[in-house]
Amino acid sequence: MYKTDKTTGEKKRPPPVKVLSGQLRTADSRGAADSGDGCVIRLSKGRSLLVSLVWMQGTVLEVQLDRSTVLLMDETGTFTVQGVNSIPKGKPCLSQGKYVMVMGVIQAISPEPVIRAVKIADLSEFAALHRQMWKLEVEDLQQVLA
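Predicted model only: the values in this text are computed from it and were never measured.

Trainee: Would you take a moment to explain the side chain of Gln57 for this structure?
Mentor: Among the structural elements, Gln57 can be located in strand S7 (residues 53–64). Only 3.3 Å separates the side chain of Gln57 from the side chain of Trp55, close enough to count as a polar contact. Aside from chain neighbours lying at most four places away, what touches Gln57 is Asp74, Phe79, Tyr99, Val100, Met101, Leu123, His130 and Trp134.

Trainee: How should helix H2 (residues 127–145) be read in this particular structure?
Mentor: Each turn of an α-helix holds 3.6 residues, which means side chains three or four residues apart point in the same direction. In a regular helix each residue adds 1.5 Å, so 19 residues correspond to 27 Å; H2 covers 26 Å between its end C-alpha atoms and thus fits that length. At Met133, H2 shows its largest kink, close to 40°. Turning to H2, its buried residues number three or more, namely Ala127, Trp134, Val138 and Gln142. Taken together, the buried residues of H2 touch strand S3 (17–18), helix H1 (21–25), strand S5 (39–42), strand S6 (48–51), S7 and strand S10 (99–108).

Trainee: Explanation requested: the sheet that holds S6 in the structure shown.
Mentor: Spatial strand order, S4-S5-S6: three strands in an open sheet with antiparallel pairing. Two strands close off the open sheet at either side, each with one partner strand: strand S4 (28–29) and S6. Bridging between S5 and S6 involves four bridges; their strand directions are antiparallel. Counterpart to Arg42 in the pairing with S6 is Ser48.

Trainee: How do you make sense of the packing of aromatic side chains when you look at a structure like this?
Mentor: Remark: the centre distance and the inter-plane angle together describe each pair of aromatic rings, the angle taken between the planes. A full pass over the atoms with the stated rule returns one aromatic pair. For the cation-ring pair, Lys18 lies above Trp55, with the distance from its terminal atom to the ring centre recorded as 4.8 Å.

Trainee: Would you explain the side chain of Thr80 in this entry?
Mentor: Here Thr80 shows up in strand S9 (residues 77–82). Within the structure, Thr80 has its side chain in polar contact with the side chain of Glu112 (distance 2.7 Å).

Trainee: Before we go on, may I ask you to explain the nonpolar core in this structure?
Mentor: The tendency in soluble globular proteins is for nonpolar side chains to be buried side by side. Counting residues in each nonpolar core, the largest one holds 27 residues, and the members touching the most others are Leu24, Ile41, Val51 and Ile120. Counting only elements with at least two residues in this core, the list comes to S5, S6, S7, strand S8 (69–74), S9, S10 and strand S11 (114–122). Leu20, Met101, Met103 and Trp134 belong to the second largest nonpolar core, which has 10 residues in total.

Reading the values: rules and limits
- Residues numbered from 1 in each chain as written.
- Predicted model: local features only at pLDDT ≥ 70, side-chain atom pairs only at ≥ 80, totals over all residues.
- Heavy atoms only, no water.
- Helix = DSSP H or I, 4+ residues; strand = E, 2+ residues; numbered from the N terminus.
- Polar contact = N/O pair within 3.5 Å; in protein donor to acceptor, adjacent residues only side chain to side chain.
- Contact = heavy atoms within 4.5 Å.
- Expected span 1.5 Å × (residues − 1).
- Bend = angle between axes of the 7 residues up to and from the residue.
- Buried < 20%, exposed > 50% of the residue type's maximum accessible area, 1.4 Å probe, protein only.
- Pairing = 2+ DSSP bridges.
- Phe/Tyr/Trp six-rings, centres within 6.5 Å; stacked < 30°, edge-to-face > 60°.
- Lys NZ or Arg CZ within 6 Å of the ring centre and 35° of its normal.
- Core = buried A, V, L, I, M, F, W, Y, C linked by side-chain atoms within 4.5 Å.

Given below as structure tokens:
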């Protein structure tokens, strides 16, 4: 899952993989929750893809800043994002109805995906275009990676 940098000896995560919440919900776990080991998502034609760092997009349904969480929904279901209070410039785009992208580490996949946020960005200005293209972007990247 991780590659070790030959000069520093540090483990580096692979780049984020674009996924839909429904893919995480049906994925196979690779370790204990919160271990950072990620999961294996099943793709078409019997292929699979190991992921731990994900890029997801969705509409904000509920914000709980006191718990540092936000509930998002993409076209395949809902997912929770944790740690939103610690994301620089993340809070301004966290209001109900906004369309956002979240990059983060998988914390849980069942019964609902939970992601620990690393980055959050507001995509609301062109939300209709982003929503329309998202599933195609996910499919295209996964075909390249698998």
